Structure formats: C-alpha cells, structure tokens
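Structural overview
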Amino acid sequence: SSRIGPQAGILHSACRITGLILMKKRLFIMVSLVALLVIALDYYVQSDAFSERLRPYIVLPLQEMLGPGSRIGTIRANAVPLYVEVRDVFIPGETFSESVHARKVRVYINPFPLLLKRISLPTITLLEPQIHATRGTTGELSLLQMVERIKTAAGNRQQTKPSRFT
C-alpha cells in the first residue's frame, strides 16, 4: 500500500480550487451574456423600428372594431415588464359632441401563457380617459350605442378571423 504524500494532497486541493474558479468564471460569463441579451432585447422592443413593425398588428384590428373615424396615435412596447402601450386613442360617437378619448392605454401581457398560444391580459390601464356623452329624451346615455357597436364589431371580427391564439 502506498501513501499519498503532503505534496500530492496540496496538488489535489490546488486542482480543485482551480476547477472551482474556472466554473465560477464560466458561470459569470454566461450570466453576463444572458443579461446583455435581455438588455439588447428590451432596447430593441422600445425602439421606433419595433413600434413601426408592431403598428399594423394593433392599429388595423383596433380601427375595425372601434369603427370609422377612430384614431390611434403612437404604439410603444416594453419587454420587462411585457406590455404594449397605445397613445391618443379616439373613438367618435354618433354625433360630434359624443366621443371617448384616452391619452394612453397600457395593456400588460402575461408572457407564460404565450408559450401555450394563449393570451392573458392581467392589467389594462387607462390614463386620462375623457368621455363626452349626451343623454337622450328617454334618459339613455348616447355612449351605450357606441359600446354596443364596438361589442358587435369585436364579435364579428372574432367569428370571421379565427386566431391561433385563444
């Protein structure tokens, strides 16, 4: 039987320490690369180029649902937390004195259901909504007709164009 001398024990410990240092360096490099990737993705998502690519997917369906004369301003997005922001949304009513305007509508998207091809919107935030309405002779608010028109358009759109998402 042979005995391991003190030099062999020191060498073995030095190799173990060197291996741990290399593992920590690799882990640090990988975490840094992932962090840089997330930062770059967030920077791109907030850019004007991404907003322009996203605009047709948001504005056209919204204008179909909101009706003729509706206007949508700029579109912004953010990756962390994941949300889409639509600015200066205007929905006209039946007459000139009736309308709905919101300076900003922010829709937060839960990212995990997207993996299952589902969309989950846990929060929708309206900033500075302005509602102009008149009351008819029967006492009914004129905005109810606008809401019914939008609900009907949303229902028709859902039936005519099935989505891969639910």
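Each remark here, short or long, concerns the structure printed above.
What comes next is a walk through the structure. Bear in mind that the values here come from a model prediction, so they are computed numbers and not experimental data.

Check the secondary structure of the chain and you find three helices and four strands. Along the chain, helices (α) and strands (β) appear in the sequence α-α-β-β-β-β-α when read from the amino end. Within the chain, the proportion of its 166 residues that are buried is 22%. Counting only contacts in the chain whose residues sit at least 6 apart along the sequence, the fraction spanning at least 24 positions is 44%. For the chain, the exposed area adds up to about 12,700 Å²; of that, 65% sits on carbon and sulfur atoms.

A few words on the side chain of S70. Examined against the element boundaries, S70 turns out to sit in the loop between α2 (48-66) and β1 (75-78). The class for S70 is buried, based on a relative accessible area of 7%. Looking at S70, its side chain comes within polar contact range of the main-chain oxygen of G67, at 2.9 Å.

Residues in a regular strand project their side chains so that they alternate between the two faces of the sheet. Here strand β2 (residues 83-92) lies mainly inside the structure; eight of its 10 residues are buried. Here β1 runs beside β2; their pairing, made up of four bridges, is antiparallel. Paired with N78 across the bridge in β2 is Y83. Joining the antiparallel neighbours β1 and β2 is a turn of four residues.

Within the open sheet, the four strands sit side by side as β1-β2-β3-β4. Their pairing is antiparallel. This sheet does not close on itself; its edge strands, each paired only once, are β1 and β4 (123-132). The mean angle between the axes of side-by-side strands here comes to 15°, regardless of whether they run parallel or antiparallel. Bridge count between β2 and strand β3 (residues 99-108): nine bridges; the pairing is antiparallel. Paired with V84 across the strands is V107, a residue of β3. α2 contacts β1 and β2 of the sheet and is inclined by roughly 120° relative to β1.

Basis of the calculations
Residues numbered from 1 in each chain as written. Predicted model: local features only at pLDDT ≥ 70, side-chain atom pairs only at ≥ 80, totals over all residues. Heavy atoms only, no water. Helix = DSSP H or I, 4+ residues; strand = E, 2+ residues; numbered from the N terminus. Buried < 20%, exposed > 50% of the residue type's maximum accessible area, 1.4 Å probe, protein only. Contact = heavy atoms within 4.5 Å. Areas by Shrake-Rupley, 256 points an atom, 1.4 Å probe, with all protein chains shown as cover. Polar contact = N/O pair within 3.5 Å; in protein donor to acceptor, adjacent residues only side chain to side chain. Pairing = 2+ DSSP bridges. Axes fitted to C-alpha atoms, helices over the stretch in contact; angles between N-to-C directions.

All quantities given are derived from atomic positions and should not be read as evidence of function.
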